[in-house]
Protein chains: 2
Amino acid sequence: MHTILNLLIGPPLPTQRLASERLNKIRALAAFSPDALSSIAYANQEIFLGLAIAGAAGLAYSLPIGLVIVGILVTVAISYAQTLPAYPTGGGSYTVASANLGRRIGLLAASCLLIDYVLTAAVSLTAGVAAIASAFPALWPYRVVLSLAFLVLITLANLRGLRESGTLMAIPVYFFLGSYLLMLAVGLVKALLGSPESFSATAPTPTEPLTAWLVLHALAAGCTALTGIEAISNGVPAFRPPEAKNAVRTLLVMALLMGTLFLGSIGLTQYFAVVAKADETILSALVRRVLGTNILYVMVQVATLLILVVAANTSFAGFPRVASLLAQDGYAPRQLSFLGDRLVFSNGMVLLAGLTGLLIVVFGGDTHALIPLFAVGVFLAFTLSQTGMVVHWLRVRGPLWGLKATINGVGALATTITLGVVLISKFMAGAWVVVLLIPLLLLAFYTVKQHYQEVARQLTLRGATPETAAEPLRSPRIVLPVSGVHRGIVEALRYARSISDQVTAVYVEINPGDADRVRQQWEKWGQGVPLVVVPSPYRSIAGPLLEYLDRLDAESGDGQFASILLPEFVPARWWQHLLHNQTAWLLKLELLYRRRRFGKVRAIIDIPWYLRE
Amino acid sequence: MHTILNLLIGPPLPTQRLASERLNKIRALAAFSPDALSSIAYANQEIFLGLAIAGAAGLAYSLPIGLVIVGILVTVAISYAQTLPAYPTGGGSYTVASANLGRRIGLLAASCLLIDYVLTAAVSLTAGVAAIASAFPALWPYRVVLSLAFLVLITLANLRGLRESGTLMAIPVYFFLGSYLLMLAVGLVKALLGSPESFSATAPTPTEPLTAWLVLHALAAGCTALTGIEAISNGVPAFRPPEAKNAVRTLLVMALLMGTLFLGSIGLTQYFAVVAKADETILSALVRRVLGTNILYVMVQVATLLILVVAANTSFAGFPRVASLLAQDGYAPRQLSFLGDRLVFSNGMVLLAGLTGLLIVVFGGDTHALIPLFAVGVFLAFTLSQTGMVVHWLRVRGPLWGLKATINGVGALATTITLGVVLISKFMAGAWVVVLLIPLLLLAFYTVKQHYQEVARQLTLRGATPETAAEPLRSPRIVLPVSGVHRGIVEALRYARSISDQVTAVYVEINPGDADRVRQQWEKWGQGVPLVVVPSPYRSIAGPLLEYLDRLDAESGDGQFASILLPEFVPARWWQHLLHNQTAWLLKLELLYRRRRFGKVRAIIDIPWYLRE
C-alpha cells in the first residue's frame, strides 16, 4: 500500500521546501496563462455552434460577437491590473470580496470559485480531448474515457507535488502560442492573396430563424473566452521584484495574446467561411483549411490538447487553496487544510478530481453541455471581485483613487451585464444548476462552521476544575464475546485480565445446543472467568449481546458502562480481510449506532490476532 | 439506519419459520418454470438476429433451427426426469457432480452455476425491459436504468424474505402462459385462413453470405431457450407426496409448454415472414402482426416483462443457496452461509445483485451482448450433471440401470455437442470471458479453503496447556495521543488511568512551538500523567507516533507492546462524521498496516466522546 503510493506520488517532503523560487516574466506567463489562452478552444466552438443553427446569416455574426467579447476582455484586464498592486500578497475573489464586502459576500465568491475550478478542469479536459479527436476521428466515441485518463494523469502528477511552474509547464504553453501564431500568420497571408468567401456556400441549412435572442445566446457562450484572466491575481508573490509591476506587465501581455488569438481565429473563420462537421471542432476545421490536413495540422491539435491539459492543471492549484482557506476559517471540513506529506493539499486535490470526473461522466464528456454551467460562476466572481475593488478605493483612497474606483466600477458594470446576459440566455440550458448549487454550498459552509463552534462549546474545560472533571474512575467491567475456544480468545482473555478483574465472557448461541461444547472447553481454558450463554432465536449476534450489556450496566448500578473487548484477526494479505472479522465489524457498527442513540459511551478494545500467511 | 432497513425489508423472523409449506402441481409449475418458459423471449430474438444478417435466405432457417433445439430440449428433459427420483432431497449440478465425479468436478459445476445465476438475472431483466420498450419506444434509451430499477426492486423483495412461491409469483406466470397461448391460437387461425408469406418481401438486405457457420451461430445462440429447465431438480422436497412423481410430471408439463411456446412462436414468425425493427424485439413484432397494435398487444408485452422479472427472481433463490453450500464447505467467504434475520442468505443476495448490476451496466443493458456469455456455463453444468448421473447409475445399479445410464448418456452427449457448438461459435463474441472466469473462480475456491485451513491450524489449542498458553500478563503500558486539552481528552485519560498505572500522553508537534500551550494546560489537567512531545517535520501524525511507540517497546524490554488509546468523536448526525476523526481513522489504518508488516499486535482502545447536536 505505502510502497505503491510512494511509487506513484513519490517520497514525502519536509516543510522547509515550501518557500519556492521566484519566476521571471517568461516563466510567469507560462505559469499563469494556460487557462486564459486555451479558452479560445471552447469559446470559438460555442460561438460557432450557437450561430450555425441560423445558417449562413447567423455565422455572419461571428466577428461582431468576437469584437464585443474583446471589448469586455480589455475592460476586465485593465480592471484586474489595478487589483495586483493593491493586493500584492494574493488578490483572489475570495480575499478581495471578504476584505471589502464582508464575510458573507466573501463566502459567496468562494462558492463561485470552487464551482469554477471544477468546471475549468472538466471543460478544459473535454475540450482538449475534442481537439485531438478531431484529428483522429476514431477516438471520438472514447472521449469520456480519454478525458478521465488525462484527469487521472494530472491528479497523480499533482499529488506528487508538481511544482514545475516555469519549466515543464512552459513547453506546452509556448508550443501552443508558437503554433497558433504561425497558423494565424499563414492564414493572414492566404487571406491577403485570396478573397473573402461566403458562408452561404458552406453553412448548414438553418434550423432556426436568426433572432436577437440567438445572437445573445452565442455571445453569452463566447464569453467563456475570458475565463482564466484572473489567475495572476493570486500569484503576485511568485514574481521577481518589483513584483506588482512585473505582474501587471505579464497580465497585459497575456490579455494582448488572448485578444490576438481569439480575434485572429474568429476573423479567419469568417473570412474563409469555415464550417465544422459533427465530429470536429471549428478550430480544427480552421487549421485544416489554413494549413491543410498534414503533420502541421496534427501538431496544432496536439498543442491544443496539451495547453488544455495544462489549463485543467491550474485548477489543482486553485481549488485546494480556496478549500484550505475555507477550512482554516472553519467553513469546510478541517482535513481540507492539512498539508499532505508531499506539501500539497492532497485532500482538496482528490475532492477536485472526484467532482471533475463526475461532471465528465454525467455530461458525457461533451464540452458544449458543460459550458452553460461555466460562465455564471466566472462572471459572478469577476463582479464580486471588481465591486470589492471599488469599495477598496473608496475606503483606502490614496492617489488617483477616484479614477481607480471608476475603472473598477466600469469593470464591475461590464461583468455584471455579462453575468445577466449569461444567466438569462443560459438558464434553462444548465445555468440553473449553478444558481441552485451556490446557495447550497453557502448553506454547507455555515452548517460546518456552526457544527465546529458547537463542538468547541461542548469540549471546553472553561468553568471546570481538575478535581471534579478528572475524578478517578473505577476499573471497568469488561465483556468478551467468544465465538469458540481458540488461541486468539485465550490471548484476548489474558489481555482483559491484565486491565481489569471484572471480566465476563459471553457466547451467543444461534443453534440451540451449540453452547455445550464451548462450555466444556471453557472449563479448561477460561482462566477462571465466568462464561455467560445468551440465546439468539433471530440468529443475530449483535442484538442479544447488546441487550446483555445493557442488563449488566443496569444491574451494576454504578453508572459506568461496561467496556467491550473484540478479538480481531489481522490477516497477512488484503483479500483475506474479506474472509474474517465480519462479526466484529457489525458489532462495532451496532455499538456506534446504539451509543449514538442512547448516549452509551462504551469503550471498545480491539485485540488483534496476527495471522501468518 | 435500522428503522429504514426495517421499513424496506421488514422485521426479523425466528428460525422456526424455515419449514415451508408444500406446493401442489399448479403452484409448483409457477414456482419452477418462469426461467424456463421466459427463455423464448431472448432465444427467439437471438435466432432472428443471427439469421437476419443473411437476409431472407438466412431467416428461412428459423424453423429448422427451432426443431433442432426442441430435439435437444426433449433429450435434456427426459434426462433430468431421471435425476429427480434419484436425488429427491435436491439434485442440482453441484450436488450430483460432487457426489459422482468428485469434489473438483463438483466445484467446476458450482462455478458454472454461480455464473449462470448472475447471467440469468441480467439477461432476464434486460430482455424484460426490451419487451416493454418495444411497446413504448420512448423507453428504449433508458433500458439500463429500467433494468437496474427492476433489479433493485426484486433485491429488496428478496431481502424481505419473499417466499410467495405459489401465490404472488403464480399470477405473472399464468398470465404469461395464457396470453401467449391465446396469441399462438389466434395466429394459428389467421395462418390457416391466409397463406404463408415470404421473407424475400420483408427481410433486410443481407450484409453477410449465408454459410453453415452463420446457421451454427444462430443455433448456438438459440440454445439459450433451454436455460431454466434444470430448476426443478433442486426443488423436489417442496412438492406434495409422492414428491418425485409429482416433480417429474411437472417437469414434463413444463418441457411440453416450453416446446409449444418456442416452436409455435418461431413457426408463426416464419409463416408470416415477420421482421423486427432496431428498437423492437422479434416477439413483439410477431405479437403486433398477429394481434395488431392494440391493448391486447400491450398486455402480452407486459406479461413478457413480468415473467422475465420473475425469472430473474429465481436467481435470488439459486445463487445464495449454491454460495452458502460452498461457504459451508469452506470454499467461499463464511458470511455467505449466514442466514440473515429475514431467514434468507442476505449476503449472497447482495452479492448477486451487485454482480448483476455490474453486468447490466457494462453490457449497456443489451441482452444480445450478454447472450454469448450465457450458454457456456449452462451447457457445461448440464453436461456435468448428466455425466454425473451416468456414473450414478453405474455405481448404484438398481432396476433398469443400463437403460437409465444410456438415457443420461444420450443427454450428456447432446449437451456436450451443444456446448462445443456454443463454445466454438461464440468464443470471440464473449464466451471467452466465461472460459477465463471459470478457472479463476476455481482458484478462488481453493485459495479460500486453504486459508481457512491454515487459520484453523494457527488457532488450535491442541498440544498447548492452560499453564503455558494462559499465563497472566503484566498490566499494559498505555499511550494516549493528544491533539489538545479538552473534555474528551480528560475523559479518555480517566479511562486510561482506570485500567493501567503506566500511562503516557503524546503530542505530535507539526508547527514548531505549538507544543508550549499544550504543555502549559497539561500541567493543570494532566492528572499527573507525563506528556511527551514528538516533533514532526514531515507533518505526518502517524509516522512520529508509531516511531515513538516502537521506541517505547524497545526500551521496556519486557516483550509486551504498548496499547494505544484513541479518543473518538461520535457525532449526532451521519454527515458530521465527515468533519471528525480523520486522524483517528488514519492512525488505525497505519497501525493495522504496521502490525501486519512487523507483527506488532498492539491493542487499540477506542474511547468514544458523544457529541450532542
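Residues numbered from 1 in each chain as written. Chains lettered and ligands numbered in written order. Predicted model: local features only at pLDDT ≥ 70, side-chain atom pairs only at ≥ 80, totals over all residues.

(A) The arrangement of the overall build of chain A in detail. The secondary structure content of chain A amounts to 22 helices and 5 strands. For 613 residues, the compact-globule estimate of 2.2 N^0.38 gives 25 Å, and the C-alpha radius of gyration of chain A, at 32 Å, exceeds that figure by more than 25%. Along the first, second and third principal axes, the C-alpha atoms of chain A reach 105 × 60 × 45 Å. For chain A, buried positions account for 48% of its 613 residues. When contacts within chain A are restricted to residue pairs at least 6 apart in sequence, long-range pairs at least 24 apart make up 81% of them. (Helix = DSSP H or I, 4+ residues; strand = E, 2+ residues; numbered from the N terminus. Rg over C-alpha atoms; globule rule 2.2 N^0.38 Å. Buried ≥ 20, exposed ≤ 12 C-beta atoms within 10 Å, placed from the backbone. Contact = placed C-beta atoms within 7 Å.)

(B) Here's a closer look at the nonpolar core. One finds Leu114(B), Val118(B), Leu125(B), Leu251(B) and Leu308(B) to be the most contacted residues of the largest nonpolar core, which totals 156 residues. With near-sequence residues (within four places) excluded, Leu308(B) lies in contact with Ser38(B), Ala41(B), Ser124(B), Leu125(B), Ala127(B), Gly128(B) and Ala131(B). The next biggest cluster of nonpolar side chains, apart from the first, holds 154 residues, and it includes Val173(A), Met258(A), Leu283(A) and Val287(A). (Core = buried A, V, L, I, M, F, W, Y, C linked by C-beta atoms within 7 Å.)

(C) Fine view of the environment of Asp35(B). Residue and element names in this part refer to chain B. Secondary-structure assignment places aspartate 35 in helix H3 (residues 34-52). Classification of aspartate 35 as buried rests on a count of 27 C-beta atoms within 10 Å. The sequence separation of aspartate 35 and valine 309 amounts to 274 residues, and the corresponding C-alpha distance is 9.3 Å. In this structure, aspartate 35 is in contact with Thr120, Thr227, Gly228, Ala231, Ala311 and Thr314, ignoring residues within four places of it in sequence.

(D) Looking closely at H3(B). Residue and element names in this part refer to chain B. Counted at 1.5 Å a residue, the expected span for H3 with its 19 residues is 27 Å, and the 28 Å between its end C-alpha atoms agrees. A maximum bend of about 30° is found in H3 at isoleucine 40. Across the 19 residues of H3, 18 count as buried, placing the element largely inside the fold. (Expected span 1.5 Å × (residues − 1). Bend = angle between axes of the 7 residues up to and from the residue.)

(E) Representation of helix H2 (residues 25-32) of chain A in the model. Residues and elements named next belong to chain A. H2 sits mainly inside the fold: 6 of its 8 residues count as buried. Within the sequence span of H2, burial applies to Arg27, Ala28, Leu29, Ala30, Ala31 and Phe32. Against the buried residues of H2 lie helix H9 (170-193) and helix H12 (243-271).

(F) How the structure looks around the packing of helix H5 (residues 62-86) of chain A against helix H11 (residues 212-222) of chain A. Residue and element names in this part refer to chain A. Where H5 contacts H11, the two axes come as close as 10 Å, and the packing angle between them is 45°. The angle between H5 and H11 falls in the class oblique. The way H5 lies across H11 gives a crossing that is right-handed. For the pair formed by H5 and H11, the contact residues are Ile65, Val68 and Ile69 on the first element and Val215, Ala218, Leu219 and Gly222 on the second. Of the residues belonging to the contact of H5 with H11, the class tally is 6 nonpolar, 1 polar and no charged. (Axes fitted to C-alpha atoms, helices over the stretch in contact; angles between N-to-C directions. Parallel < 35°, antiparallel > 145°, perpendicular 65-115°, else oblique. Left-handed = near helix turned anticlockwise from the far one by under 90°. Nonpolar A, V, L, I, M, F, W, Y, C, P; charged D, E, K, R; others polar.)

(G) Layout of the packing of H2(A) against H12(A). Residue and element names in this part refer to chain A. Here H2 crosses H12 at 60°, and the two axes come no closer than 10 Å. By the angle between their directions, the pair H2 and H12 is classed as oblique. Relative to H12, the crossing made by H2 is right-handed. In this structure, H2 contributes Lys25, Ala28, Leu29 and Phe32 to the contact, and H12 contributes Asn246, Arg249, Thr250, Val253 and Met254. Along the lines of polarity and charge, the residues of the contact of H2 with H12 split into 5 nonpolar, 2 polar and 2 charged.

(H) How the structure looks around the domain arrangement of chain A. Split into domains, chain A comes out as domain 1 (28-318 + 354-452) and domain 2 (471-610). Centre-to-centre, using C-alpha coordinates, domain 1 of chain A lies 60 Å away from domain 2 of chain A. (Domains from an automatic or database assignment.)

(I) Broad picture of the sheet that holds strand S2 (residues 503-509) of chain B. Sheet architecture is open: 10 strands sit in the order S3(A)-S2(A)-S1(A)-S4(A)-S5(A)-S5(B)-S4(B)-S1(B)-S2(B)-S3(B), paired in mixed fashion. Looking along the sheet, the strands with just one partner apiece sit at the ends: strand S3 (531-535) of chain A together with strand S3 (531-535) of chain B. Each adjacent strand pair in this sheet contributes to an overall mean axis angle of 30°, direction not counted. Pairing between strand S1 (residues 478-481) of chain A and strand S4 (residues 563-570) of chain A: 2 bridges, direction parallel. In the strand pairing of S4(A), Val479(A) is matched with Ile564(A). (Pairing = 2+ DSSP bridges.)

(J) Structural context of unusual backbone geometry. The peptide bond linking Pro241(A) to Pro242(A) adopts the cis configuration, its omega dihedral lying at -5°. One non-glycine residue, Gln527(B), lies in positive phi territory at about 50°. Along the chain, the position of Gln527(B) falls in the loop between helix H20 (515-525) and S3.

(K) Seen up close, the pairing of strand S2 (residues 503-509) of chain A. Residues and elements named next belong to chain A. The sheet contact formed by S1 and S2 spans 4 bridges and is parallel. Pairing of proline 481 across the sheet is with valine 506, part of S2. Since S1 and S2 lie parallel, the crossover through helix H19 (residues 487-499) that links them has a hand, and here it is right-handed. Here S2 pairs with S3 via 5 bridges, running parallel. Following the sheet pairing, glutamate 509 is matched in S3 by proline 535. Crossover connection from S2 via helix H20 (residues 515-525) to parallel S3: handedness right-handed. (Right-handed = clockwise from strand over helix to strand, strands pointing away.)

(L) Focus on the environment of Thr83(B). Residue and element names in this part refer to chain B. Within the secondary structure layout, threonine 83 lies in helix H5 (residues 62-86). Overall, threonine 83 belongs to the buried group, with 29 C-beta atoms counted inside 10 Å. Remark: the alpha-carbon pair of threonine 83 and tyrosine 610, spanning 527 residues in sequence, is separated by 61 Å. Once you skip the residues sitting within four places of it in the chain, threonine 83 turns out to touch Gly91, Val96, Ser233, Ser385 and Met389.

(M) Local environment of the confidence of the model for chain A. Confidence in the prediction of chain A, expressed as mean pLDDT, is 86, and 92% of residues score 70 or more. With a pTM of 0.72, the predicted complex shows an ipTM of 0.74. (pLDDT = per-residue confidence, 0-100.)

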